[in-house]
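Structure assessment
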Amino acid sequence: MRETAEDLRNWRRLYKAALFETDTSKLPGRIEEARKALVVRSRELFKSSPDYDGETEAIENALYALQALENCLRSNTRDRRHAARAG
């Protein structure tokens, strides 16, 4: 999926899509799309006024959550590979 400028500005939608994706084969792409949108929005905020009503904090929290989700996905994938070799 190619992101439009509007998609990148709409980071919340992409973030939620990553959080609630149930197809693990699609999850890495969803995480990457959301992360890209978060970085773009963060840069926009940095260039603009420092008065952004906590959006920067929300972006930081979302980035941490995506990192945790990605770590869980990696761990789950490693566990499945290990179980397949052991079984």
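Here is what the cut-offs are and how they apply
Residues numbered from 1 in each chain as written. Predicted model: local features only at pLDDT ≥ 70, side-chain atom pairs only at ≥ 80, totals over all residues. Heavy atoms only, no water. Helix = DSSP H or I, 4+ residues; strand = E, 2+ residues; numbered from the N terminus. Buried < 20%, exposed > 50% of the residue type's maximum accessible area, 1.4 Å probe, protein only. Contact = heavy atoms within 4.5 Å. Areas by Shrake-Rupley, 256 points an atom, 1.4 Å probe, with all protein chains shown as cover. Core = buried A, V, L, I, M, F, W, Y, C linked by side-chain atoms within 4.5 Å. Axes fitted to C-alpha atoms, helices over the stretch in contact; angles between N-to-C directions. Parallel < 35°, antiparallel > 145°, perpendicular 65-115°, else oblique. Left-handed = near helix turned anticlockwise from the far one by under 90°. Nonpolar A, V, L, I, M, F, W, Y, C, P; charged D, E, K, R; others polar. pLDDT = per-residue confidence, 0-100.

**Some points on the overall build of the protein chain**
Each helix and strand in the protein chain was counted, giving four helices and zero strands. The order of helices and strands in the protein chain, counted from the N terminus, is α-α-α-α. Per-residue burial for the protein chain yields a buried fraction of 25% across its 87 residues. At a minimum sequence separation of 6, the contacts of the protein chain that also span at least 24 residues come to 61%. As presented, the protein chain carries roughly 6,300 Å² of accessible surface, and 51% of it is formed by carbon and sulfur atoms.

**So, the environment of L73**
Considering the arrangement of structural elements, one finds L73 in helix α4 (residues 55-86). Along the backbone, L73 and T24 are 49 residues apart, and their C-alpha atoms lie at a distance of 7.8 Å. With residues near it in sequence (within four places) discarded, L73 still touches T24, L27 and P28.

**A few points about the nonpolar core**
W11, L38 and L66 are the most contacted members of the largest nonpolar core, which has 14 residues in total. Take this core: its biggest share by element is six residues, from helix α3 (residues 27-47). Setting aside its immediate chain neighbours within four residues, L38 contacts W11, I59, A62, L63 and L66.

**Observations concerning the packing of helix α2 (residues 11-19) against α3**
Where α2 contacts α3, the axes come no closer than 8 Å and their chain directions differ by 155 degrees. Classified by the angle their axes make, α2 and α3 are roughly antiparallel. The interaxial crossing formed by α2 with α3 has left-handed handedness. Seen from α2, the contacting residues are W11, L14, Y15, A17 and A18; seen from α3, they are L27, R30, I31, E33, A34, A37, L38 and R41. Split by residue class, the contact of α2 with α3 holds ten nonpolar, no polar and three charged.

**Considering the confidence of the model for the protein chain**
Averaged over every residue, the pLDDT of the protein chain is 85; the share at 70 or more is 79%. Considering each helix and strand of the protein chain separately, the mean pLDDT is smallest for helix α1 (residues 5-9), with a value of 64, and largest for α2, with 96.

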